[in-house]
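Coordinate analysis (summary)
Spelled out, the chains give:
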Amino acid sequence: MSLYSFGLDPVSCHAWNKDRTQIAISPNNTEVHIYQKSGKEWTKIHELTQHSGRITGIDWAPISNRIVTCASDRNAYVWTLKDRVWKPTLVLLRINRAATCVKWSPLENKFALGSGARIISVCYFEKENDWWLSKHIKKPIRSTVLSLDWHPNNILLAAGSSDFQCRVFSGYIKDIEEKPGPTAWGSKMPFGEMLLEQGDDGGWVHSVCFSPSGNSLAWVSHSSTILVTDAANKKTVTQLKTEYLPLLAVLYLNETEIVAAGHDCCPYQFSYMGPDSLKYIGKIDLPKQNSKVNMSAMQHFRNLDKRATTENENTDLETLHQNSISQLCIVEGDRSKVTKFSSVGLDGDMVIWDFKH
C-alpha cells in the first residue's frame, strides 16, 4: 500500500499506461498532467492543454497507447504520442451539453462517451476521412449519463445515469466489426438496442462495472446502495443497502469480489456469490498513523493551509484519504484477478491498495 500526493487540488479522474510507469491525472481543471515514476517519486513529464472546460474523463488505451479525454467544453480529444509530444485529434461528438465520462472499448477500436445531453456517443475512427465519428444512443435515457463500462465482448455497454437507471446497450458498429454472437444478456444486438433497464433504489447511478466474465454487472448509487444483476440467472437483481455515505466508484477484483468507495474516504469490500447473496466483507483501509513526527516545517504549514485550520485543531480522518474517493482503477493483475488497485480523491492523493485473494 502506498500513498502519493499530487498537490492541493482535487484529482477528478486518472488513468494508467500499459506498464503502470505513467499516470495521467486531472487536478480538477482544464489540464491533464502525465507523471512518470522515478524511484519512489512521480515526476511530471507532459501537460495536455487543449480543453477549455474542466476535464471530466480520461482513459488510456494500453495496446495502442492513445489517451482519450473529455471535458465540460463539450469536446473530446484522442491524443497520440509522436516524437515525445502528445498530439490531439478532435472527435466529432455532436453534443450540446458537457461530456461527463469516457471509456475505451476492450479492443480499442472505439470508445464510449457519456454527456449531459442525455446521449451516449459511441465513437470510432473512419479511415477514409481520417477523423473520429460518433453514433448516438438516445432512447430511453432521460438525464445525464454519469458512468460507463464495456462488456469484455467489446459490444455491450453499461451506463449509469442521474435518472436513477442502470442500463445495458448494444454498442455494435457494423462498419468496423463483425456481427456479434449471442450472450447471456441477449442475442439481438443492433446498435442502440437496450438489453437491461433497472432502477428501483432511487439514487443517481455513480459507477457501473462488468464482472471479468461479463455475466454480472455491479453498480453503486447515491442512495448508499450497491446492486448486482446476474445475466446468467434471468437478470436477477440483488441489492445491499449500506449504512455508509454514498459510494461513487465500483470495481470487480475477480468474479466474486467487488470493491467500492466514495464519500466515506475508504474502500469497502463486498462479495457476490449469486442471486440474493451479496455481502459486506469489510474495510480495506488501514488506520492512518500520526505522521507529525518526521514532517518537515514546510509540509506542516502546507497541511494547515490546505485545511484552513490552526495548529490546535486536529481534523485528520482516520483513513488514508482525507476526502471523498472519486475513482478506482486496476493497477496490477488482469480483470479476473486484480492484485493491486488505485484510488484518487478530492484530497489530491492517489493510493495504491494491495488485495490478497
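What comes next concerns the included structure. (Residues numbered from 1 in each chain as written. Predicted model: local features only at pLDDT ≥ 70, side-chain atom pairs only at ≥ 80, totals over all residues. Heavy atoms only, no water.)

Examining the sheet that holds strand E21 (residues 236-241)
- Strand order in the open sheet formed by 4 strands is E18-E19-E20-E21, and the pairing between neighbours is antiparallel. Either end of the sheet is taken by a strand with one partner, and the two such strands are strand E18 (205-210) and E21. Sheet twist, expressed as the mean angle between neighbouring strand axes with direction ignored, is 15°.
- For strand E20 (residues 225-230) and E21, the ladder comprises 6 bridges, and the chain directions are antiparallel. Bridging across to E21, Ile-226 finds its partner in Leu-240. (Pairing = 2+ DSSP bridges. Helix = DSSP H or I, 4+ residues; strand = E, 2+ residues; numbered from the N terminus. Axes fitted to C-alpha atoms, helices over the stretch in contact; angles between N-to-C directions.)

Quick notes on the sheet that holds strand E10 (residues 99-104)
- The strand order across the open sheet formed by 4 strands is E10-E11-E12-E13, and the pairing between neighbours is antiparallel. Each end of this open sheet is capped by a strand with a single partner; those strands are E10 and strand E13 (131-137). Averaged over all pairs of adjacent strands, the angle between their axes in this sheet comes to 25°, without regard to strand direction.

Some thoughts on the pairing of strand E9 (residues 85-90)
- Of the pairings in the sheet, the one linking strand E8 (residues 76-82) to E9 comprises 6 bridges and is antiparallel in character. If you follow Tyr-77 over to E9, its bridge partner there is Leu-90.
- The hairpin turn running from E8 into E9, its antiparallel successor, is 2 residues long, and Asp-83 in that turn takes a positive phi close to 50°.

A look at the environment of Ser-221
- By the secondary structure assignment, Ser-221 is in strand E19 (residues 216-221).
- Ser-221 sits 18 residues away from Gly-203 along the chain, and the two C-alpha atoms are 5.2 Å apart.
- The residues touching Ser-221, leaving out its near neighbours within four places in the chain, are Asp-201, Gly-203, Trp-204, Val-205, His-206, Pro-246 and Leu-247.
- Here Ser-223 takes part through its side chain, which lies 2.8 Å from a polar atom of the side chain of Ser-221. (Contact = heavy atoms within 4.5 Å. Polar contact = N/O pair within 3.5 Å; in protein donor to acceptor, adjacent residues only side chain to side chain.)

A closer look at the packing of aromatic side chains
- Within the structure shown, the criterion is met by 15 aromatic pairs.
- Where Phe-111 meets Trp-132, the ring centres are 5.5 Å apart and the plane angle is 45°; that geometry is what we call tilted. In this pair, Phe-111 sits in strand E11 (residues 110-115) while Trp-132 sits in strand E13, placing the two residues 21 residues apart along the sequence. Judged on exposure class, the residue Phe-111 and its partner Trp-132 are both buried.
- A network of ring pairs unites the aromatic residues Trp-104, Phe-111, Phe-125 and Trp-132 as a single cluster.
- Over the aromatic face of Phe-191 sits the side chain of Lys-135, whose NZ or CZ is 4.8 Å from the ring centroid. (Phe/Tyr/Trp six-rings, centres within 6.5 Å; stacked < 30°, edge-to-face > 60°. Buried < 20%, exposed > 50% of the residue type's maximum accessible area, 1.4 Å probe, protein only. Lys NZ or Arg CZ within 6 Å of the ring centre and 35° of its normal.)

Structural notes on the pairing of E20
- In terms of residue burial, E20 counts as a mostly covered element, since 6 of its 6 residues are buried.
- Across 6 bridges, E19 lies against E20 in antiparallel orientation. Across the sheet, residue Trp-219 finds its bridge partner in E20, namely Leu-227.
- Counting the residues between successive antiparallel strands, the hairpin from E19 to E20 contains 3 residues, one of them, Ser-224, with a positive phi of roughly 60°.
- Between the end of E20 and the start of E21, which pair antiparallel, lie 5 residues, with Lys-234 showing a positive phi angle near 55°.

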